[in-house]
Amino acid sequence: IFTGSVIAVFRFLIDEADEFRPAFFSDFNSPEKIFLTIVFFIFVAYFLEKTIQIDGQVAGSGIPQLKKIFEGRGKMKNPFRALVLKFSAATLGIGAGMSLGRAGLSVQFGAFAGSFLNRIFFAKLPGLPKNHGESEMKILLTAGAGAGLAAVFNAPLAGLIFCIEELHKKFTPEVLIATVTATISASAMTDLVFGVRPIFETIAPTFSEFPGITNATPSGIFSGIYSEQPKIFLFALFSGIFVGILGAATTKTLIFSLDFYERLKCRNFFKFLIPLSLIIPLGIFLPQILGCGNVLVDDLLTGNFELKFLILLFAGKFLFTMICFGTNAPGGLFLPVLTLGAIFGNIFGSFGVAENFFPESQMSLFIIFGMAAYFSAVIKAPITGSILIPELTGQFSFLLILTAVSAAAFFSSDLCGGKPIFSALLTGKR
């Protein structure tokens, strides 16, 4: 409940910023407005630098830090202070337009809440073994992290699976009960604020709309595509393989970006000013690539963009995400990665439509395939991705084909030397 309440406020502020930003830059022509914007961005850079100086847990997405704690190589210090500082810094940075995600942050927010409550209720209880607080802490960290992902995406199943697949890596009844309870409670809190609806409200067409498919069950859809529409099935798998290659390159570029900023050897203030200074021209000429990217995904699902503009969007979002993430500013990767996958899926689907592999009305399916494949290739959590995307879109009828595409991207990325991004950040293997 605590995590869900925090995430509900966080989502509301970021959503309001996403609505305000395009209107703000659409009428960006007065000297006073330009001056005040520059002053604001300088303040944001200074605030980000100071919060990281106060507490190093504020930097980055937070998931590598959590993995380090689960491996016994780190501890969470002053979780309440870290929660307040990171919440404020992330809201300012992402709200200003930096291309960073909110899911990794929310996972860490939930872990902060779990650690904070562990200190209150378990760590100092009399008569308990000395290691009791440690075991309870890991369970509550897992439950809180799952609650954070569930709340930010309205995806309780993905929150549960991500914690077991990526963080805790152990399946016990205690972890299962705690995490299920936390993810459902957190999702219920955000549902009270935003309503019971998927993040991407646009309802994508289901595979039952394809010609030749009469059985609407998942197995019937899968077999129907394979037997009646083999071109669609093979095209989807080929898109997963191609996205896997691109995902491996993305991971290497992210690591290169972090190394590049480290070699600059300048204050964090100047590092943060680099992406912040780009927000003004981007806000005027290409505002779609600013922020997390969830608004852009909805636009892709409902709009009909020209191929040249899609390529421009992909290149712009890719480069700006690298520039923002390399600064180690507070912000995650999930939504930018999903957005890049959606854009590439749209590009790839455009070729399929041009070659008459499938009708244009089915384009949104390949946008969704691209999201799952890119997530699997970069984050290297294919099971989480296969569950997360249906929860994000409200479409579960294509779960099996989505899993196949995610697996193709995962193995393709592996063959190209792609490493799990959070493990690479944790180990420092550049």
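Below you will find a few notes about this structure. These figures come from a predicted structure and were not determined experimentally. Each chain carries its own residue numbering, running from 1 in the direction its sequence is written. Only residues with pLDDT of at least 70 get local features here, since the model is predicted, and only at 80 or more are side-chain atom pairs given and counted; chain-wide, interface and lining totals rely on the full set of residues. Just so you know, side-chain values use all the structure's heavy atoms and leave hydrogens and water out.

Side note on the overall build of the protein
Cut-off, in case you're wondering: Helix and strand definitions here come from DSSP, where helices need a minimum of 4 consecutive H or I residues and strands a minimum of 2 consecutive E residues; each element is numbered from the N-terminal end. Residue exposure (1.4 Å probe, protein chains only): buried if accessible area is under 20% of the type maximum, exposed if over 50%, otherwise partly exposed. In what follows, residue pairs with any heavy atoms lying within 4.5 Å of each other are defined as contacts. To measure how exposed things are, a 1.4 Å probe is used in the Shrake-Rupley method; for residues, cover is taken only from the protein chains shown.
Each helix and strand counted, the protein has 18 helices and zero strands in total. Considering the protein as a whole, with its 430 residues, one finds that 56% of them fall into the buried category. Of all intrachain contacts in the protein linking residues separated by at least 6 positions in sequence, the fraction that spans at least 24 positions is 81%. A total of about 17700 Å² of accessible surface is found on the protein, and carbon and sulfur atoms cover 67% of it.

Some words on empty space enclosed by the protein
We count it as follows: Note on definitions: the grid is 1 Å and covers protein atoms alone; a cavity is a set of points where a 1.4 Å probe fits but cannot get out; a pocket is an open set with protein on both sides within 12 Å along at least five of seven lines; lining residues have an atom within 4 Å of a point. Grid points are joined across faces, edges and corners, and a volume is the space filled by probe spheres set on the points. Under the scheme applied here, ten amino acids are nonpolar (Ala, Val, Leu, Ile, Met, Phe, Trp, Tyr, Cys and Pro), four are charged (Asp, Glu, Lys and Arg), and all others, including Gly, are polar.
As enumerated under the stated definition, the model contains two cavities of 30 Å³ or more in all. The computed volume of the largest cavity comes to approximately 40 Å³. Of all the elements in the fold, those that place two or more residues in the lining of the largest cavity are helix H10 (230-264), helix H14 (334-354) and helix H15 (363-379). Each residue belonging to the lining of the largest cavity can be placed in one class, and the counts come to five nonpolar, three polar and no charged.

Focus on the environment of leucine 392
Note that leucine 392 resides in helix H16 (residues 382-393). For leucine 392, a relative accessible area of 0% puts it in the buried group. Counting along the chain gives 193 residues from leucine 392 to isoleucine 199, while the straight-line C-alpha distance between them is 5.2 Å. Those residues in contact with leucine 392, other than ones at most four positions away along the chain, are Phe153, Pro198, Ile199, Phe200, Leu338 and Met371.

Describing the side chain of lysine 317
We apply this condition: Charged residues are defined narrowly, with Lys and Arg counted positive, Asp and Glu counted negative, and His plus the chain ends left uncounted. Basic side-chain nitrogens of Lys or Arg form a salt bridge, by our definition, when they fall within 4 Å of a carboxyl oxygen of Asp or Glu. Between N or O atoms, a polar contact is any pair within 3.5 Å; within protein, one atom must be a potential hydrogen donor and the other a potential acceptor, and residues adjacent in sequence are included only when both atoms are from side chains.
Secondary-structure assignment places lysine 317 in helix H13 (residues 307-326). For the buried residue lysine 317, which engages in no salt bridge, the nearest side chain bearing the opposite charge is aspartate 18, 8.5 Å off. At 3.0 Å, the side chain of lysine 317 and the backbone oxygen of isoleucine 289 are in polar contact. When neighbours within four sequence positions are excluded, lysine 317 is seen to be in contact with Ser99, Ile289, Leu290, Gly291, Cys292, Gly293, Pro336, Thr339, Leu340 and Ile343.

With respect to H14
Three- or four-residue spacings in an α-helix give side chains the same orientation, since the helix completes a turn every 3.6 residues. What counts, and what does not: Expected helix span is taken as 1.5 Å per residue step, with the number of steps being one fewer than the number of residues.
Between its first and last C-alpha, H14 extends 30 Å over 21 residues, near the 30 Å set by a 1.5 Å rise per residue. The element H14 is largely enclosed, with a buried count of 18 among its 21 residues. Two residues or fewer past H14, asparagine 356 is found with a positive phi of approximately 60°.

Things to note about the nonpolar core
Defined as follows: To qualify as a nonpolar core, a set must consist of buried Ala, Val, Leu, Ile, Met, Phe, Trp, Tyr and Cys residues joined through side-chain atoms within 4.5 Å.
The biggest cluster of nonpolar side chains holds 122 residues, and the ones touching the most others in it are Phe153 and Phe334. Ranked by residues supplied to this core, first place goes to H15 with 13 residues. Excluding its chain neighbours within four sequence positions, the residues that come into contact with phenylalanine 153 are Ala103, Ile199, Phe334, Leu335, Leu338, Leu388 and Leu392.

Function cannot be inferred from these measures alone, as they are strictly geometric.
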